[in-house]
Amino acid sequence: MDNKIDYQKIGFRCGIEIHQRLDTHKLFCNCDSGQKNEPNIEIGRRLRPVAGETGEIDRAALFEFLRSKEFVYKASADESCLVEADCEPPHEINKEALYIGLEMCKMLGCDIVDEVHVMRKTVIDGSNTSGFQRTAILGMNGFLNTGKGGVKIETVCIEEESARIDEKSEGKIVYRLNGLGIPLVEIATDSTIKSPEHAKEVAEMLGMLLRSTKVQRGIGSIRQDINISIRGGSRIEIKGFQELDKMPVVVENEVKRQLCLLGVKDELRKIGIKEKDFIAKKCVTDIFKKTECNFIAKALKDDAVIHSLLLPRFSGMLKKECGDKTLGKELSGYAGAHGFGIIHSDEELEKYKLYNEFSELRKEFGARQEDLVLIIAGKEPGVSKALDSVLERSRYMLVGVPEETRMAHEEGSKYMRPLPGKARMYPETDVPSMRITKEYLDSIAVPESLLVKEKKYSKEISEELASQIIRSKHLPMYEEFRKEFEPRLVAIILTNTFKMLSRDGHDIDKIKKDDLFSLFSLVKKKTIAKESLENALVDLIEGKPISYIESRYRIMDDERIREIVKDAIKHNPGARESIYMGALMQKLRGTVSGERLVRILREEMK
Amino acid sequence: MEYSVEILGLLKKCSVKIGDRAVVNSGKKEYKGIIMPNTGDSGCLVLKLDNGYNLGIELDSKAEIKKTKEEGAVMKKCKREKLQHDPSKPTIAILHTGGTIASRVDYRTGGVTPVFDAEDLVSMVPELADVANIRCRLIFQMWSEDMEPEHWQIIAKEIVKEIEEGCDGIIITHGTDYMHYTAAALAFMARNLPIPVILTGSQRSSDRGSSDAAMNLICAANFIANSDFSGIAICMHGSSSDAYCNILPACKTRKMHTSRRDAFKPINTKPIARVDYKTGRIEFCENSTFFSGKNYNEKDFKRIPVLEIGYNKKVALIKSYPGMAADQLDWYMNNCDGVVFEGGGIAGNLAINVLDDLTKHHALMLKKLKDMTSKGIVVYMTSQCIYGRVNMNVYTTGRDMQSVGCMPAYMIPEVALVKLGWVLGRFKNSAGNKEKIDELMQKNIAGEIISRSELDEFSDEI
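Chemist: Got a minute to help me understand the overall build of chain B in this structure?
Modeler: A count of helical and extended segments in chain B gives 12 helices and 24 strands. Dimensions of chain B, computed from C-alpha atoms along their principal axes, come out at roughly 80 × 65 × 35 Å.

Set out below in structure tokens:
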């Protein structure tokens, strides 16, 4: 797909921001970063615009927005403390987190700051109880080499994770406090990523480097945001990539979306459409009073009003492909942000039983055949806001690509909100600055990167296994066990066997590291056979002690086996070897290697 | 903090000022940004990069700074609209004494400037204008820990001045650490007030979106505009949530937490009222001893304020502790006219009993107490329990202390101190006045003494 677009020619610019959670306690207090208790406390708060933002944004609008929003923070009292609740000043910065951040700076060859200054980055969506996020720059001007070329690392920062939304309703957002304050390292590349595939490669390599240090694993522990623009287009930020494999197609579709929007702009300008040709008509509810369309009738019964919009010469246009979606989705996304949908005349109006009403609406507008009309139905005041925002977006078709934050969705993305302005930052005066001395920096050893490890382990356990184990959360266990036991066996158990057991519904988290060590020791001492490991693990998960496993799977000596074999032959004389083997293997499950059993069986069958 | 001589010298040599945009060559690396005031601690130059981050740069002997462009951009001023007087609304006078109940952040330098005039304040807290006509005056700009009793006297006079000028209520903004001292002092000094005078402050500074400042101000204004209360009270958050503020009695309130929004708690009583932030609803706690003790006075514009600001600063508050040496009382003996002890338990017990070799020196404590009272120094006992009544008749220790002239003061220790200073401002502590002094100390003047301890008041629940 890539080769259809000449990325250099269209002025493709792309950069990645990666946020990685660190595996240590919170950044400015001593609470654990892995909180999972049910919340038992609720704190309700409101935020206000901080003066000083005046003149840069529409303060009145911001004020109104915040006045109507209540934020509720749910916390578990034994897990979250007053710092997270913004009831106590931050403690000193978590030294371990700082260390890990500096390790990353070193791995990426950054210039490291001489003194760390913690800043407050204003955040007013409630995701930070304080109204700001604490963040500090650690390094700049790093470099990452990838197969498809290098990118510059602009900044490496350490910052607080924000609180996660639990539920959202009109005028109220409920957050969980457990995530707030977890240390994050934020790595931002410059915008020289060359292609969608290159983006994936950069994200993947940064992820691998990050996982070479002490970081959290699993869902939500790493997030990638991508910034994309093309010549004539605008900067778009896409958040929320669930899987890296989707990244190239999402980026490509964003490029196609921008190309489409630029095409639409040219077309509209050519035929001389002006802003004033887009017309809104509010409260056309009467036209729909007697509608047979079920959902409209139901909405009207619920006191909804219907607003409408005329888009000049747009007939047929909303079906146009725009990235992986249609141009119509561009508009409906803006209504969607307010919780509403649109219905337009490019749709099958007969199916909705709205044909007559739309004909009426066209008359009302004095619309021509080539004009498109659309409606938005719902309750005030939200529905008026939705209309305004769709009107504004429609008019922007004459300008090009609006700057947006979008959410990765299917093969592309969907509209989230306008791109926020430059964050306002001011010093966090409650945290003293920290000097990074040369001696301290020298004491930080650059950890062996996973890429180096992968190469190293390939030699001892095969390339495929090495690639699996370095991506596994059990890597530290592998690195410890490989020194004692046969590396290949350890790797297989920690990857394939564990995966299989999980798939079968076993909770492998119940396997304790010490028990696993004992199990491998039994194999090493030849007390049990490695073939019995899988069953032994199931026993461990079910809570059986090691002593049980030891006696259950103890390898039998030849004499005992010979007796069992003789017995089997006696009970079923003259059978084929495979029949005996099947029955015996089931009986002796794991306590004897197949090889030995076959040898003894053959001897006895003679 | 100032920069080191070396950095200041380099800035001067390169003709670069703080706030200038410059290229800094540390001798090793080059950085671009705005030169910031020193907020670091280790002798680095602080620079603000274009991405908003600050960092510290270590400069070596080859370091150079080159100014790139005059940094003319100053923060844009708030759009100010002249406040219109609305005759249908009450008028509230806001007297600023310190703290930053309202402040503005300069994102360029990170500096925080307090906001004191009415237009700016209303532009930041527009809800105030919905409630009342606002006028503002700056009296002091100080931390509450720096306040002297003379400052209380000035505030008391300013209150009366505002009343004479005509208003429906007064809000006094104040640093929180010693706010309850000021509240008590004002309650003694400015009595018989026709209108409400509410002290408020903030536990989280107003340069952040989560500050409690605005809500405390709004609730105070609401209470003034929509209740018939008169006299001095404190208005602060009632819980950690931005849900309601408590209106707290001036002489029965104490800061009980270093950092929480709801740090101010009523002691041995309940809040006077609760003001809901969202709805503005005021709920009086009429079953509290503040009401049953007849401390609630309704607004009455005809009432003439009584201003008695005399204060004797030669008073002290002494906290007792195990191992306390009696000798240290010598200084107080020579420099004070009155002393309040914060002793142990119900009687404010001090170590006066000789029980073995180790406690022999306790005899000296009793002697010193006796010397103090014979010298004419008035000595009052309060309890470091904070909660609960003081009763010196319960143990022999208490009775022994009474026998040498110590007297109980059933008040929060800090309030006892303030009251003693105020009482001694009226009566010299001559032998002839001792009875008058004690009569006044034991009499409820401003809601500081409550004759009943109710069953459910060891909490702030209404």
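Chemist: Help me understand the overall build of chain A, please; the structure alone is not making it clear to me.
Modeler: When helices and strands are tallied, chain A shows 20 helices and 23 strands. Whereas a compact globule of 606 residues would reach a radius of gyration of roughly 25 Å, chain A reaches 32 Å, over 25% beyond that. For chain A, the spread of C-alpha atoms along the principal axes amounts to about 100 × 70 × 55 Å. Within the span of chain A, comprising 606 residues, buried residues form 40% of the whole. For chain A, contacts bridging at least 24 residues in sequence account for 74% of all contacts bridging at least 6.

Chemist: Would you explain the sheet that holds strand β18 (residues 342-344) of chain A in this entry?
Modeler: Strands in a sheet are paired, the pairing made by backbone hydrogen bonds, and the direction either parallel or antiparallel. All names here are of chain A. Read across the open sheet, the 4 strands follow the order β14-β15-β19-β18; overall the sheet is antiparallel. In this open sheet, the two strands that pair with only one neighbour each are β14 (279-281) and β18. Geometrically, the sheet is characterised by an average inter-axis angle of 20° between neighbouring strands, direction not taken into account. Looking at chain direction, strand β15 (residues 305-311) and strand β19 (residues 372-378) are connected through 7 bridges and run antiparallel. Among the inter-strand pairings, Leu310 is bridged to a residue of β19, identified as Val373. Against the sheet, helix α9 (residues 382-395) makes contact with β14, β15, β18 and β19, and its axis sits at roughly 5° relative to β15, the strand it touches most.

Chemist: When you look at the pairing of strand β17 (residues 273-276) of chain B in this model, what are you seeing that I'm missing?
Modeler: In the case of a regular strand, side chains alternate between the two sheet surfaces. Residue and element names in this part refer to chain B. As paired strands, strand β14 (residues 244-249) and β17 are joined by 4 bridges and run antiparallel to one another. Bridge pairing in β17 places Ile247 opposite Ala273. In this sheet, strand β18 (residues 282-284) lies alongside β17 in antiparallel orientation, the contact comprising 3 bridges. Looking at β18, one finds that Val275 is bridged to Ile282. Counting the residues that bridge the hairpin from β17 to β18 gives 5 residues, and of these Gly280 lies at a positive phi of roughly 75°.

Chemist: Help me understand the confidence of the model for chain B, please; the structure alone is not making it clear to me.
Modeler: In regions of low pLDDT, the predicted coordinates are not meant to be interpreted in detail. All names here are of chain B. Predicted confidence across chain B gives a mean pLDDT of 91, with 94% of residues reaching 70 or more. Low confidence marks residues 72-78, where pLDDT is under 50. Its contacts with residues over four positions away, or in another chain, come to 10 contacts. Scored by ipTM, the complex comes to 0.88, with pTM at 0.82.

Chemist: How should the interface of chain B and chain A be read in this particular structure?
Modeler: Frequently, the measure chosen for interface size is the accessible area that the parts lose on association. Residue-level contacts link 38 residues of chain B with 38 residues of chain A. Within the residue set of the side of chain B that touches chain A, elements represented by two or more residues are β4 (54-57) and β7 (103-105) of chain B. Broken down by element, the residue count for the side of chain B that touches chain A peaks at 4 residues, all from β4(B). Here the side of chain B that touches chain A is built from residues that sort into 13 nonpolar, 13 polar and 12 charged. Strand direction decides the pairing type here: strand β5 (residues 115-116) of chain A and β4(B), joined by 2 bridges, are antiparallel. The residue of β4(B) that forms the bridge with A:Glu115 is B:Gly56.

Chemist: Teacher, can you tell me more about the confidence of the model for chain A here?
Modeler: Residues and elements named next belong to chain A. When the pLDDT values of chain A are averaged, the result is 90; 96% of them are 70 or greater. Mean pLDDT per element in chain A: helix α1 (residues 59-67) is the minimum at 62, and strand β11 (residues 183-189) is the maximum at 97. Confidence over residues 53-58 falls short of pLDDT 50; this stretch has 9 contacts with residues more than four positions distant or in other chains.

Chemist: Honestly, helix α6 (residues 213-226) of chain B in this entry has me stumped. Any pointers?
Modeler: Residue pairs three or four apart in sequence face the same way in an α-helix, which turns once every 3.6 residues. If you check α6(B), its first and last C-alpha atoms are 20 Å apart, about what 14 residues at 1.5 Å a residue would give, namely 20 Å. In terms of residue burial, α6(B) counts as a mostly covered element, since 13 of its 14 residues are buried.

Chemist: Please explain the sheet that holds β4(B) as it appears in this structure.
Modeler: The strand order β23(A)-β5(A)-β4(B)-β3(B)-β2(B)-β1(B)-β5(B) describes an open sheet built from 7 strands, whose pairing is antiparallel. Of all strands in the sheet, those bounded by a partner on one side alone are β23 (434-435) of chain A together with β5 (64-69) of chain B. Strand direction decides the pairing type here: strand β1 (residues 21-25) of chain B and strand β2 (residues 30-35) of chain B, joined by 5 bridges, are antiparallel. Across the sheet, B:Asn25 pairs through a bridge with B:Glu30, a residue of β2(B).

Chemist: How do you make sense of the environment of A:Phe295 when you look at a structure like this?
Modeler: All names here are of chain A. Mapped onto the elements of the fold, Phe295 is located in helix α5 (residues 294-301). Residue classification places Phe295 among the partly exposed residues on the basis of 13 C-beta atoms within 10 Å. Taking the C-alpha atoms as reference points, Phe295 and Ala377, separated by 82 residues in sequence, lie 9.8 Å from one another.

Chemist: What's the story with unusual backbone geometry in this structure? I'm lost.
Modeler: In terms of backbone geometry, most residues other than glycine have negative phi values and most peptide bonds are trans. Of note, the bond from A:Glu380 into A:Pro381 is cis; its omega dihedral lies within 30 degrees of zero at 0°. Structurally, the position occupied by A:Pro381 is in the loop between β19 and α9. With a phi close to 60°, A:Lys353 is a non-glycine residue in the positive phi region. Structurally, A:Lys353 can be placed in the loop between α7 (349-352) and α8 (355-365). For A:Lys353, a count of 14 C-beta atoms within 10 Å gives the class partly exposed. Despite not being glycine, B:Ile386 has its phi angle at roughly 70°, a positive value. Structurally, the position occupied by B:Ile386 is in the loop between β23 (378-383) and α10 (396-403).

Chemist: So what exactly am I meant to see when it comes to the environment of A:His25 here?
Modeler: In this fold, A:His25 is placed in the loop between β1 (13-21) and β2 (41-45). A:His25 sits 162 residues away from A:Ile187 along the chain, and the two C-alpha atoms are 20 Å apart.

Chemist: What is the right way to read the domain arrangement of chain A from this model?
Modeler: Looking at chain A, the domain boundaries give domain 1 (2-235), domain 2 (269-418), domain 3 (450-552) and domain 4 (558-605). Its C-alpha centre places domain 1 of chain A at a distance of 35 Å from the equivalent point of domain 3 of chain A.

Chemist: Hey, could you run me through the pairing of strand β8 (residues 149-160) of chain A in this one?
Modeler: All names here are of chain A. Where strand β7 (residues 132-146) lies against β8, 10 bridges are found, and the strand directions are antiparallel. Paired with Asn145 across the bridge in β8 is Gly150. Counted between consecutive antiparallel strands, the loop separating β7 from β8 contains 2 residues. Sheet topology note: the β8/β11 ladder contains 7 bridges and is antiparallel. Paired with Val156 across the two strands is Ile187, which belongs to β11.

Chemist: In this structure, what is going on with helix α19 (residues 577-588) of chain A? I would like to understand it.
Modeler: Residue and element names in this part refer to chain A. Given a rise of 1.5 Å per residue, 12 residues ought to cover 16 Å, and the 16 Å separating the end C-alpha atoms of α19 matches this to within 8%. Regarding α19, the residues found buried are Tyr580, Leu584 and Leu588. Each buried residue of α19 lies within a common arc of 45° when the element is viewed along its axis, so the set occupies one face. Set apart from the buried face of α19 by more than 90 degrees, the exposed residues are Ser578, Ile579, Gly582 and Gln586. Those residues of α19 hidden inside the fold are in contact with α18 (558-571) and α20 (594-605).

The rules we used
- Residues numbered from 1 in each chain as written.
- Chains lettered and ligands numbered in written order.
- Predicted model: local features only at pLDDT ≥ 70, side-chain atom pairs only at ≥ 80, totals over all residues.
- Helix = DSSP H or I, 4+ residues; strand = E, 2+ residues; numbered from the N terminus.
- Rg over C-alpha atoms; globule rule 2.2 N^0.38 Å.
- Buried ≥ 20, exposed ≤ 12 C-beta atoms within 10 Å, placed from the backbone.
- Contact = placed C-beta atoms within 7 Å.
- Pairing = 2+ DSSP bridges.
- Axes fitted to C-alpha atoms, helices over the stretch in contact; angles between N-to-C directions.
- pLDDT = per-residue confidence, 0-100.
- Nonpolar A, V, L, I, M, F, W, Y, C, P; charged D, E, K, R; others polar.
- Expected span 1.5 Å × (residues − 1).
- Domains from an automatic or database assignment.
- Arc of directions from axis to C-beta.

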